[in-house]
Amino acid sequence: MKTKDIILATAKEMISEVGFHKATTANLAKMANISEGTIYRHFESKEDILLHILDALEENFSYYIEAVRQKLDRDECSIEEIMNEYFSFVEDNEIDMKIMLSTYGLLDSSKRLMAVFLKNLELILEDCIKLGIKKGTVRDVAVEENATVVMTIIFGLTRMQLYWPDRRDVRAEAVGFCRRSILL
């Protein structure tokens, strides 16, 4: 593994455990078993490390969105698939998602990324609902409002999945609820 990758992996672990403000480059260097100067050869600052983490998460999210868009283009997408694949995305990117959520109130880059997540999720839900209405599988509902409601449910479940993993998992029930609410 390259030194830069070691720094990023260690930073993810540290930030997810102690938070962004309590994570220091000195502690990061100690935990990664490198010198603090080595960190600064690869990154300008602790904020730069966070930006790299968030950029990688945004790239992974864009792959998820593109995969859903391709299914929508083939008329093969459903609300259930969007929700289930999103929950899988969250599981696959758990630490990065926690970092984005925990730094939301602290950094503009986290706010911007969260806005990208929510807007793109809402847009693919809108397109999926429109497609379902067109195919006759979804009720003729207010598209934007229902997409916002489903997106809000998904995002709330994301927070539960990440921060309260011991609570009963109601994702399947939420998918069923959304299905019953808008499908014919």
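The rules behind these values
Residues numbered from 1 in each chain as written. Predicted model: local features only at pLDDT ≥ 70, side-chain atom pairs only at ≥ 80, totals over all residues. Heavy atoms only, no water. Phe/Tyr/Trp six-rings, centres within 6.5 Å; stacked < 30°, edge-to-face > 60°. Helix = DSSP H or I, 4+ residues; strand = E, 2+ residues; numbered from the N terminus. Buried < 20%, exposed > 50% of the residue type's maximum accessible area, 1.4 Å probe, protein only. Contact = heavy atoms within 4.5 Å. Core = buried A, V, L, I, M, F, W, Y, C linked by side-chain atoms within 4.5 Å. Salt bridge = Lys/Arg side-chain N within 4 Å of Asp/Glu carboxyl O.

**Q** Now, about the packing of aromatic side chains: what can you tell me, with residues and values included?
**A** Using the criterion set out here, one finds nine aromatic pairs in the structure. Ring geometry for Phe61 against Phe89: centres 5.6 Å apart, planes inclined by 65°, an arrangement best described as edge-to-face. Of the two residues, Phe61 sits in helix H4 (residues 46–73) while Phe89 sits in helix H5 (residues 79–92), which places them 28 residues apart along the sequence. The exposure classification of Phe61 matches that of Phe89, with both residues buried. A centroid spacing of 6.0 Å and a plane angle of 50° characterise the contact between Phe89 and Phe117, whose relative ring orientation is tilted.

**Q** If you had to explain helix H6 (residues 94–102) to someone new, which residues and values would you point to?
**A** Every buried residue of H6 is listed here: Asp96, Met97, Ile99, Met100 and Leu101. Looking at the buried residues of H6, the elements they touch are helix H1 (3–18), H4, H5, helix H7 (108–135) and helix H8 (143–163).

**Q** Quick one: what's the story with the nonpolar core, residue by residue and with numbers?
**A** Generally speaking, nonpolar side chains in soluble globular proteins are found buried as a group. Ranked by size, the top nonpolar core spans 57 residues in total, and within it Tyr64 and Tyr86 carry the most contacts. Those elements that place two or more of their residues in this core are H1, helix H2 (25–32), H4, H5, H6, H7, H8 and helix H9 (171–182). Broken down by element, the residue count for this core peaks at 10 residues, all from H4. Beyond its immediate chain neighbours, meaning those up to four positions away, Tyr64 contacts Ile82, Glu85, Tyr86, Phe89, Leu121 and Ile124.

**Q** Let's hear about unusual backbone geometry: which residues, and what values?
**A** Positioned with a positive phi, Asn33 is a non-glycine residue whose angle comes to about 60°. Structurally, the position occupied by Asn33 is in the loop between H2 and helix H3 (36–42). The phi dihedral of Asp75 falls on the positive side, at around 60°, and the residue is not glycine. By the secondary structure assignment, Asp75 is in the loop between H4 and H5. Looking at Asp75, the relative accessible area reads 38%, which means it is partly exposed.

**Q** Give a description of the pattern of salt bridges that names residues and reports values.
**A** All told, the structure shown has 11 salt bridges when counted by the stated rule. A salt bridge links Arg171 to Glu91; the shortest N-O distance between them is 2.8 Å. A residue pair is termed long-range when its members are at least 10 positions apart, and Arg171 in helix H9 and Glu91 in helix H5 qualify at 80 residues. By relative accessible area, Arg171 is classed as buried at 17%. Between Arg171 and Asp169 there is a salt bridge whose closest N-O contact spans 2.6 Å. Put simply, Lys71, Glu81 and Glu85 are held in one network by salt bridges that share partners.

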